Amino acid sequence: MANNLGIQVMAEGVETTSQLNFLRQYGCDVAKGYPISRPIPAVQLEQWLKPQHAEIPL
């Protein structure tokens, strides 16, 4: 329904690839959680956020 209203949908706390696939199937626009990246130290995050990772498609 949110997509039909032009609202971007974000899922937080995704823990499994199955959950991520389910969300993709039902039109979730953005997700964050373990399948994307495990918690990492700030120094590693800076490297991860460099331009090659600026846009990660869901």
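Residues numbered from 1 in each chain as written. Predicted model: local features only at pLDDT ≥ 70, side-chain atom pairs only at ≥ 80, totals over all residues. Heavy atoms only, no water.

J.: Is there a simple way to explain the overall build of the protein chain in this structure?
T.: When its secondary structure is counted, the protein chain shows two helices and two strands. Tracing the protein chain from N to C terminus, the helices and strands come up as β-α-β-α. The buried share of the protein chain, reckoned over its 58 residues, is 10%. Restricting the contact set of the protein chain to residue pairs at least 6 apart, pairs at least 24 apart contribute 18%. (Helix = DSSP H or I, 4+ residues; strand = E, 2+ residues; numbered from the N terminus. Buried < 20%, exposed > 50% of the residue type's maximum accessible area, 1.4 Å probe, protein only. Contact = heavy atoms within 4.5 Å.)

J.: It is not clear to me how the packing of aromatic side chains should be interpreted in this structure. Could you clarify?
T.: Pairs of aromatic rings are described using the distance from one ring centre to the other and the angle between the two planes. For the structure shown, the criterion picks out one aromatic pair. Seen from their ring centres, Phe22 and Tyr26 are 4.7 Å apart, and the 45 degrees between their planes marks the pair as tilted. On the basis of relative accessible area, Phe22 is assigned to the partly exposed category, the value being 47%. The exposed category is assigned to Tyr26, whose relative accessible area is 58%. Cation over ring: Arg38 sits above Tyr34, and NZ or CZ is 4.2 Å from the ring centre. (Phe/Tyr/Trp six-rings, centres within 6.5 Å; stacked < 30°, edge-to-face > 60°. Lys NZ or Arg CZ within 6 Å of the ring centre and 35° of its normal.)

J.: Teacher, can you tell me more about the environment of Asn3 here?
T.: Structurally, the position occupied by Asn3 is in the segment before β1 (10-14). Considered as a pair, Asn3 and Gly27 are 24 residues apart in the sequence and their alpha carbons are 7.6 Å apart. If near-sequence neighbours (up to four positions away) are discounted, Asn3 is found in contact with Val9, Gly27 and Asp29.

J.: Teacher, can you tell me more about the pairing of strand β2 (residues 30-33) here?
T.: Remark: a regular strand shows side chains that alternate across the two faces of the sheet. Burial along β2 is one-sided: Ala31 and Gly33 are buried, and none of Val30 and Lys32, which face the opposite way, are. Here four bridges tie β1 to β2, and the two strands are oriented parallel to one another. Note on β2: the bridge partner recorded for Met10 is Val30. Since β1 and β2 lie parallel, the crossover through helix α1 (residues 17-25) that links them has a hand, and here it is right-handed. (Pairing = 2+ DSSP bridges. Right-handed = clockwise from strand over helix to strand, strands pointing away.)

J.: In this structure, what is going on with the environment of Trp48? I would like to understand it.
T.: Considering the arrangement of structural elements, one finds Trp48 in helix α2 (residues 42-48). As for Trp48 and Ser37, which are separated by eleven residues in sequence, their C-alpha atoms are 9.8 Å apart.

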